[in-house]
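One-letter residues, chain by chain:
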Amino acid sequence: MTNEPERNDPGIPTLTEVLAEGETVPAGAVGDKQAAEPVAEQGVPADVAVFAERVSARLTLQLADEITTMVERRCHDALIDQTSWLVQLIGKQVADALQAQLPDRIRQAVIEEVAKQVRAQG
């Protein structure tokens, strides 16, 4: 997709990055200190809030991909199940209709054949 978010966002820490207390965050980074200030007012240090925001953003991207894959897989499986069920239902209905019509058609064919033989003899 062309509108897919950048996966290597420098504002999202990797497992090798360490946030130290009081560390400055680059301007415009995901979860910068301005976003963390309201949380800091609630007794959470700003660097912890920044880290939490970064991890949250990363997990959101990963989970979005996993959820999309899971939903696509479930939709695919459901479509196959429903298609199979529909084919079986239609096949059963056609077989039932033919089975109901078959005795009448056989009877009509026998009557026509007997009538042909009577005309041929007479």
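See above for the structure.
As a starting point, this report considers the structure included with it.

1. Description of the pattern of salt bridges
For the structure shown, the criterion picks out 2 salt bridges. A salt bridge links Asp 96 to Lys 92; its shortest N-O distance comes to 3.0 Å. Highlighted residues: Asp 96 and Lys 92, both in helix α2 (residues 46-121), separated by 4 residues, approximately one helical turn. With a shortest N-O distance of 2.9 Å, Asp 104 and Arg 107 are connected by a salt bridge. Of this pair, Asp 104 and Arg 107 both sit in helix α2, separated by 3 residues, roughly a single helical turn.

2. Let's talk about a nonpolar patch on the surface
Nonpolar side chains collect at one region of the surface, where Trp 85, Leu 86, Leu 89, Ile 90, Val 94 and Leu 98 lie side by side and expose about 550 Å² of accessible area between them. Note that Trp 85 resides in helix α2.

The rules we used
Residues numbered from 1 in each chain as written. Predicted model: local features only at pLDDT ≥ 70, side-chain atom pairs only at ≥ 80, totals over all residues. Heavy atoms only, no water. Salt bridge = Lys/Arg side-chain N within 4 Å of Asp/Glu carboxyl O. Helix = DSSP H or I, 4+ residues; strand = E, 2+ residues; numbered from the N terminus. Patch = residues over 30% accessible without salt bridge, like charges linked within 9 Å, V, L, I, M, F, W, Y side chains within 5 Å. Areas by Shrake-Rupley, 256 points an atom, 1.4 Å probe, with all protein chains shown as cover.

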